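Structural overview
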Protein chains: 2
Amino acid sequence: MTKKDACISDLKARVLALELAPGAALDEVSLSESYGLSRTPLREVLQRLAGEGYISLEANRGAVVSAMDIAAMRQFFQTAPIIYCAISRLAAENASLAQLAKLKAEQFGFTQAKAVLDAPAMALANHHFHETIGAMSGNPYLLPAMGRLLIDHTRISQRFYNASAPHDGVRITQAAHQHDLLIDAIERRSPEKAVEITLDHWALSRDEIERYVWPDPLPDDTTRRTTGEST
Amino acid sequence: MTKKDACISDLKARVLALELAPGAALDEVSLSESYGLSRTPLREVLQRLAGEGYISLEANRGAVVSAMDIAAMRQFFQTAPIIYCAISRLAAENASLAQLAKLKAEQFGFTQAKAVLDAPAMALANHHFHETIGAMSGNPYLLPAMGRLLIDHTRISQRFYNASAPHDGVRITQAAHQHDLLIDAIERRSPEKAVEITLDHWALSRDEIERYVWPDPLPDDTTRRTTGEST
DNA sequence: TGAAACCAATTTGTATACACTGTGAATACA
DNA sequence: TGTATTCACAGTGTATACAAATTGGTTTCA
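The paragraphs below set out a description of the structure included in this document. (Residues numbered from 1 in each chain as written. Chains lettered and ligands numbered in written order. Predicted model: local features only at pLDDT ≥ 70, side-chain atom pairs only at ≥ 80, totals over all residues. Heavy atoms only, no water.)

Attention shifts here to the protein's contact with DNA strand D. Taken together, 15 residues surround DNA strand D, and among them K4(A), S38(A), R39(B), R43(B) and N60(B) come closest. Here, DNA strand D places atoms within 4 Å of the protein, and 66% of those atoms are sugar or phosphate. Contacts to DNA strand D include T40(A), whose side-chain N or O atom sits 3.0 Å from a base oxygen. A distance of 3.0 Å separates a phosphate oxygen of DNA strand D from a polar atom in the backbone of N60(B). Elements with a contribution of two residues or more to the surface near DNA strand D: α3 (39–52) of chain A together with α3 (39–52) of chain B. Tallied by class, the residues present in the surface near DNA strand D amount to four nonpolar, five polar and six charged. (Near = heavy atom within 4 Å. Polar contact = N/O pair within 3.5 Å; in protein donor to acceptor, adjacent residues only side chain to side chain. Helix = DSSP H or I, 4+ residues; strand = E, 2+ residues; numbered from the N terminus. Nonpolar A, V, L, I, M, F, W, Y, C, P; charged D, E, K, R; others polar.)

Next up, the structure:
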């Protein structure tokens, strides 16, 4: 099973890193060759990835990486805070010690990736961190929703991590600090605190995304009719 | 693909009807023989069912029908109203005319099954009705949560439909009426109304389940210390 | 020249044979 | 008699060969 699991993890990572772009077609034979599997188990890998929302399969048409269209974005912003808060609350109530240890390890991985400025690794570590919080919730109904939100969240954030403008470094540090606070809230079994921190964490992330999507306009030298002039 | 799709639908129906009991093991060879498929496509069917939460797969151990334990029940009651309301609100906002037509057809199927007192058919028709409302929401993040809730909801309700005590008939009529109201709310694009009806619908269903789980106590002829005596 | 039909090549879907793993029963040994 | 080991069997996992379907290009006819 190890080879198959490795294939799954790697494909997930590549989707999350946007190395496999949304909408990109996946060829069974080339994938099976590159992972040293035959087509049969590779197809099962694809089925599973489809089940988790990483890719989508169409009959006789093969697999494509899940799209990220405007419609989905709208739903993403509507849905994420609700689910994230519900998950965090339940995580604070139900987390096991083993899961808490795992969470701390993942936070360590995140800070390490941050230290060496490895953008994809940071995004992936962040992904695993929040995945573990999902597992802590122990809610089998919310978990798949969380999973799908995280896929798109990580993919959107990827652009942000890669940018790594000076002020983004501060924001990433802030995010890491919120992770620490969240670990603490879960460890102390405080659902209220966990929800509060999660809302802050979401607000930060949403701002990051908004800043990327709607950046500060370029200086407009042709018309000087705008309000706030630069110094 | 038709044969494979038929297999998927049939297995789903059998899981929902509790014909395949929670925890029951599924044998690949016997299933493949009974559906006239070879093991390869049948395994893909199982992968897909696992992805949707109907069954769960364990490496080298095969497939078992998803369990319904006490822990899950608790989470079910916590989660269902939140997700159902969110879905209904979005459905009222986003439903297409084609989906609305489908919904009406499914409601017709439900009333027909009710007319002939076909309990499993009622449960399945009800399942499809709510599945379509999920599709109407157009929210790819909430949809898998909705799907998993519905699986357990239908399986729990199965016991209730089968009971078909006299007063249950009234309650089923009530549920059918709520479906009509919901269709109307969606058709008139009223999210508030849709949410209100959904809450009523959930309350009714929850009461049904509670009544089944905690039935009226049997008359206690040994001790007469209880409060309200029968007439 | 345009459109429609057909054919070939590529890719997905299915079947079968074989390999591996886990389980349970029987046997050997303490 | 109790326990541990081994072996056989049942069932899952994988590879390969073959069938079906889609796509793109080419040819043919109006």
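The next point concerns the packing of helix α5 (residues 97–115) of chain B against helix α6 (residues 119–137) of chain B. All names here are of chain B. In contact at an axis separation of 8 Å, α5 and α6 are set at 165 degrees when each is read in the N-to-C sense. Considering the angle they form, α5 stands roughly antiparallel to α6. Note that α5 runs across α6; the crossing there is left-handed. From α5, Q99, L100, K102, L103, E106, Q107, G109, F110, A113 and K114 reach across to α6, where they touch A121, M122, A125, N126, H128, F129, T132, I133, A135 and M136. (Axes fitted to C-alpha atoms, helices over the stretch in contact; angles between N-to-C directions. Parallel < 35°, antiparallel > 145°, perpendicular 65-115°, else oblique. Left-handed = near helix turned anticlockwise from the far one by under 90°. Contact = heavy atoms within 4.5 Å.)

This part covers the interface of chain B and chain A. On the side of chain A, 27 residues touch chain B, which itself brings 27 residues to the contact. Summed over both partners, the interface of chain B with chain A buries about 2,200 Å², with 57% contributed by carbon and sulfur atoms. By the criterion of area lost to chain A, the three top residues of chain B are E44(B), Q75(B) and Y141(B), representing 32% of everything that side buries. The interface formed by chain B and chain A includes two salt bridges. The salt bridge partner of R43(B) is E44(A), with a shortest N-O separation of 2.8 Å. For the pair chain B and chain A, the interface holds 14 residue pairs in polar contact (both at pLDDT 80 or more). Counted by class, the side of chain B that touches chain A contains twelve nonpolar, ten polar and five charged residues. (Buried area = accessible area lost by both parts, 1.4 Å probe. Salt bridge = Lys/Arg side-chain N within 4 Å of Asp/Glu carboxyl O.)

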